[in-house]
Amino acid sequence: MGEARHEMHGDPEAMRGFAERVAWPGAEADVAVPPAAAPCPAGMSACAGFTAADLAATLSLSQFLAETRDDIATLKAAAAVAAADYEATDQAGARAVLGYVIAQG
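Residues numbered from 1 in each chain as written. Predicted model: local features only at pLDDT ≥ 70, side-chain atom pairs only at ≥ 80, totals over all residues. Heavy atoms only, no water.

Draft legend 1. Structural view of the overall build of the chain. Summing up its helical and strand segments, the chain has two helices and zero strands in all. Across the 105 residues of the chain, 11% fall into the buried class. Considering only residue pairs separated by 6 or more positions, the chain has 82% of its internal contacts joining residues 24 or more positions apart. Accessible area for the chain stands at about 8,200 Å²; split by element, carbon and sulfur atoms hold 64% of it. (Helix = DSSP H or I, 4+ residues; strand = E, 2+ residues; numbered from the N terminus. Buried < 20%, exposed > 50% of the residue type's maximum accessible area, 1.4 Å probe, protein only. Contact = heavy atoms within 4.5 Å. Areas by Shrake-Rupley, 256 points an atom, 1.4 Å probe, with all protein chains shown as cover.)

Draft legend 2. Structural view of helix α2 (residues 47–104). Given a rise of 1.5 Å per residue, 58 residues ought to cover 86 Å, and the 84 Å separating the end C-alpha atoms of α2 matches this to within 8%. Listed in full, the buried residues belonging to α2 are Cys 47, Thr 51, Thr 58, Leu 65, Ala 79, Ala 83 and Tyr 86. Residues of α2 that are buried in the fold lie against α1 (12–21). (Expected span 1.5 Å × (residues − 1).)

Draft legend 3. A look at the pattern of salt bridges. For the structure on display, the rule yields two salt bridges. Measuring nitrogen to oxygen at the nearest pair gives 2.7 Å for the salt bridge that ties Glu 13 to Arg 16. Remark: Arg 16 and Glu 13 occur in helix α1; sequence separation between them is three residues, near one turn of the helix. The partly exposed category is assigned to Arg 16, whose relative accessible area is 23%. Salt-bridge contacts for Glu 87 lead to Arg 16; the nearest nitrogen and oxygen are separated by 2.4 Å. One end of the pair, Glu 87, is in helix α2; the other, Arg 16, is in helix α1, with 71 residues separating them in the sequence. We classify Glu 87 as partly exposed; its relative accessible area is 27%. The network of salt bridges with common partners includes Glu 13, Arg 16 and Glu 87. (Salt bridge = Lys/Arg side-chain N within 4 Å of Asp/Glu carboxyl O.)

Draft legend 4. Main features of the packing of α1 against α2. Their axes nearest at 8 Å, the elements α1 and α2 cross at an angle of 165°. Classified by the angle between their axes, α1 and α2 sit roughly antiparallel to one another. For the crossing formed where α1 meets α2, the hand is left-handed. Contacts from Pro 12, Met 15, Arg 16, Phe 18, Ala 19 and Glu 20 in α1 reach Leu 75, Lys 76, Ala 79, Ala 80, Ala 82, Ala 83, Tyr 86 and Glu 87 in α2. (Axes fitted to C-alpha atoms, helices over the stretch in contact; angles between N-to-C directions. Parallel < 35°, antiparallel > 145°, perpendicular 65-115°, else oblique. Left-handed = near helix turned anticlockwise from the far one by under 90°.)

Draft legend 5. The arrangement of a nonpolar patch on the surface in detail. A surface patch of nonpolar side chains, about 320 Å² in accessible area, is lined by Val 97, Tyr 100 and Val 101. Structurally, Tyr 100 can be placed in helix α2. Look at Tyr 100 and you get exposed, because its relative accessible area is 55%. (Patch = residues over 30% accessible without salt bridge, like charges linked within 9 Å, V, L, I, M, F, W, Y side chains within 5 Å.)

Draft legend 6. Just the side chain of Thr 58, in detail. Structurally, the position occupied by Thr 58 is in helix α2. Looking at Thr 58, the relative accessible area reads 12%, which means it is buried. Here the side chain of Thr 58 touches Asp 54 through a polar contact of 2.8 Å, landing on its backbone oxygen. (Polar contact = N/O pair within 3.5 Å; in protein donor to acceptor, adjacent residues only side chain to side chain.)

Written out as structure tokens, the structure is:
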């Protein structure tokens, strides 16, 4: 990957902007889990298998989306914390340099 970097260049405002834009798409991304398997019309023998597979897939998708919603919230919080931390560290470094310059003057 190359040699190690000795400095960082970041944009806390861009980090905050990213954190503000990261959002769950809303109710349209939620999966409605069917309350119960519907009876198979006219005694179709394959219907029960399809119904069970549909229910299993729906439950798996619902679980995945719930985990994704939690991950998005975690990412949003991490980006906001990174922006605040970066800015605080940057300001502390600037104060340290300014203090050194004043002490030398």
